[in-house]
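What follows is the residue order along each chain.
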Amino acid sequence: MITLSPLRWGKPYESLEFNDVVHFDTGEPIAKVGTVGGGIVGRDMRKAHKAREALLQLSPEDLIEKCKQAAQLFENADLKVGDSVQTVDDFVHQQSASTGLPEHMCRSNMTKNSFVLSNMDQILDCLTRGLDLSILARGYGEEGRGVTVSFQAQTPVLGAVLPNNSPGVHTLWLPAIPLQVGLALKPGSQEPWTPYRMVAAFMQAGVPAEAFGLYPGGHDAGGAIMTKTPRSMIFGSAQTVAQHAGNPRVQPHGPGFSKILIADDVVDDWEQYLDVMVESVLSNSGRSCINCSGIWASRHTKEIAQALAERLGPVDVRPPADDEAQLAAFTVPAMATGTHAMVQQDLAESGVTDMTASFGEKLIEREHCAYLRPMVVHADSPDRGVAAKEYMFPFVSVVECPESEMLRRIGPTLVGTVLTGNEKLQHAAANCVEIDRLNIGPIPTNRLNWLQPHEGNIIDFLFRSRAYQIAPMPVAAAGT
């Protein structure tokens, strides 16, 4: 059984207390993870400046090359992780066993993380709008217009309290390293695998070990990261996002409420877009903020919902090693039963219909875990409560709404796919402040272009643009 120790600026720490990571279905321990308290995190954050100083010894170009090496190591190599040598298959089995994700989804998320590292030069070029990265490293420089520009790093390290639900979110903190900003990470209790393996790959590729802190532990460890780092990310519920709204020190990531809007000019041909809808709802077992939780149209909504139900309703539980498995387990059964109860409350509202009711029981309970099978519901109006809901399994509401009201009724939408050839509606969607990522045309909500920012640009979060003027100093004055 593998043992994972905290990492204090590159140095393993011998914990006095350990937590077991257990198999989601059998309850058997598969790993021991050493923990730290908030006090240790707080003490380490006093030395956070050394993480950035170590990274500043390498140029951004050098670090980008090391990111590419780390990508290959992360995806293909045997790596020293904790007290063991971890193969790729070990990683996939361990991650699946603790998170309940099918193994092929673990491999897919692994590929996604590797892709971001492999293409870090292009990603940073897009995120910075083509800025010479040496300007970020030095703090100022000439960008080609005869004007000095300056960008000031707002923190020596990026803190992050990481989740358990989807390993794909780790792409969000990866650019910190080539930006010469260290990392202070609290791994998820059930998904420590990605941050530990990623940090091992970074260090094997030659990134200074002093740049990394891994702090598994309880809420106090996460709280210390949030309060002691000038910039941090947190992943959680809508309540978590609301708690940190307006705080420039924190970038919260929560539910996406991603949607597909089918406009009147194409809605009569809705069957052409059924595959786009199914993929948007079902991919990654519906666990991602980029999964579609709402499909809006002015007509044919009952037919759309019925067709989706016929595609999604039969999806059933399969073993995690099955390449056809589409459902992830809830490793905490109470989360599944609680979610199921909330859905039943939604269905009790007039005007809401469960279109997958005929496909059998949705809640599958086992001794140590539970599953929720896909659900498609129809709402006859955006006034129904379910139209604004998102759940962590393949769940979608098909909402009947006039096209003229859609953009003002959809609410916060991380990814909005708008199916229309109507240029006026396309322009209105581009101006809709509720939509973060906008797709015009048949693009599934789960297909991200990683050469564009996702839910907040990390450059704008870590650096502040400021005025910087330089005038020559008289020689005498300069020598005094």
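Keep in mind that what you see is a predicted model, and the values were worked out from it rather than measured.

## Structural notes on the UniProt feature "domain: Aldehyde dehydrogenase" (unreviewed entry) in the protein chain
Alright, step 1. UniProt tags residues 21-443 as "domain: Aldehyde dehydrogenase" (unreviewed entry).
Alright, step 2. Here residues 21-443 is 36% helix and 21% strand, with 37 Å between the C-alpha atoms at its ends.

## Some thoughts on the domain arrangement of the protein chain
Alright, step 1. Under the domain assignment used here, the protein chain contains domain 1 (2-255 + 455-465) and domain 2 (259-440).
Alright, step 2. Taken over C-alpha atoms, the centre of domain 1 sits 31 Å from the centre of domain 2.
Alright, step 3. Contact with domain 1, which involves 21 residues of that partner, is made by 24 residues of domain 2.
Alright, step 4. Here domain 1 meets domain 2 over a buried area of about 1,800 Å², counting both sides, of which 53% is carbon and sulfur.
Alright, step 5. The residue Arg366 makes a salt bridge to Asp25 at a minimum N-O spacing of 3.8 Å.
Alright, step 6. On the surface where domain 1 and domain 2 come into contact, there are 7 residue pairs in polar contact (both at pLDDT 80 or more).
Alright, step 7. Elements with a minimum of two residues in the side of domain 1 that touches domain 2: helix 4 (88-99) and helix 5 (103-118).
Alright, step 8. Looking at the side of domain 1 that touches domain 2, the element that brings in the most residues is helix 5, giving 4 residues.

## Details of the pattern of salt bridges
Alright, step 1. Enumeration according to the criterion identifies 15 salt bridges in this entry.
Alright, step 2. Between Glu405 and Arg409 there is a salt bridge, with its nearest N and O atoms 3.3 Å apart. Here Arg409 and Glu405 lie together in helix 14 (residues 403-409), a separation of 4 residues that amounts to about one turn.
Alright, step 3. Given the relative accessible area of 24%, Glu405 is considered partly exposed.
Alright, step 4. Relative accessible area serves as the criterion here: at 27%, Arg409 is assigned to the partly exposed category.
Alright, step 5. Three or more residues are tied together by salt bridges with common partners; here these are Asp264, Asp268 and Arg299.

About the criteria used
- Residues numbered from 1 in each chain as written.
- Predicted model: local features only at pLDDT ≥ 70, side-chain atom pairs only at ≥ 80, totals over all residues.
- Heavy atoms only, no water.
- UniProt positions renumbered as here; feature names shortened; annotations may be inferred.
- Helix = DSSP H or I, 4+ residues; strand = E, 2+ residues; numbered from the N terminus.
- Domains from an automatic or database assignment.
- Contact = heavy atoms within 4.5 Å.
- Buried area = accessible area lost by both parts, 1.4 Å probe.
- Salt bridge = Lys/Arg side-chain N within 4 Å of Asp/Glu carboxyl O.
- Polar contact = N/O pair within 3.5 Å; in protein donor to acceptor, adjacent residues only side chain to side chain.
- Buried < 20%, exposed > 50% of the residue type's maximum accessible area, 1.4 Å probe, protein only.

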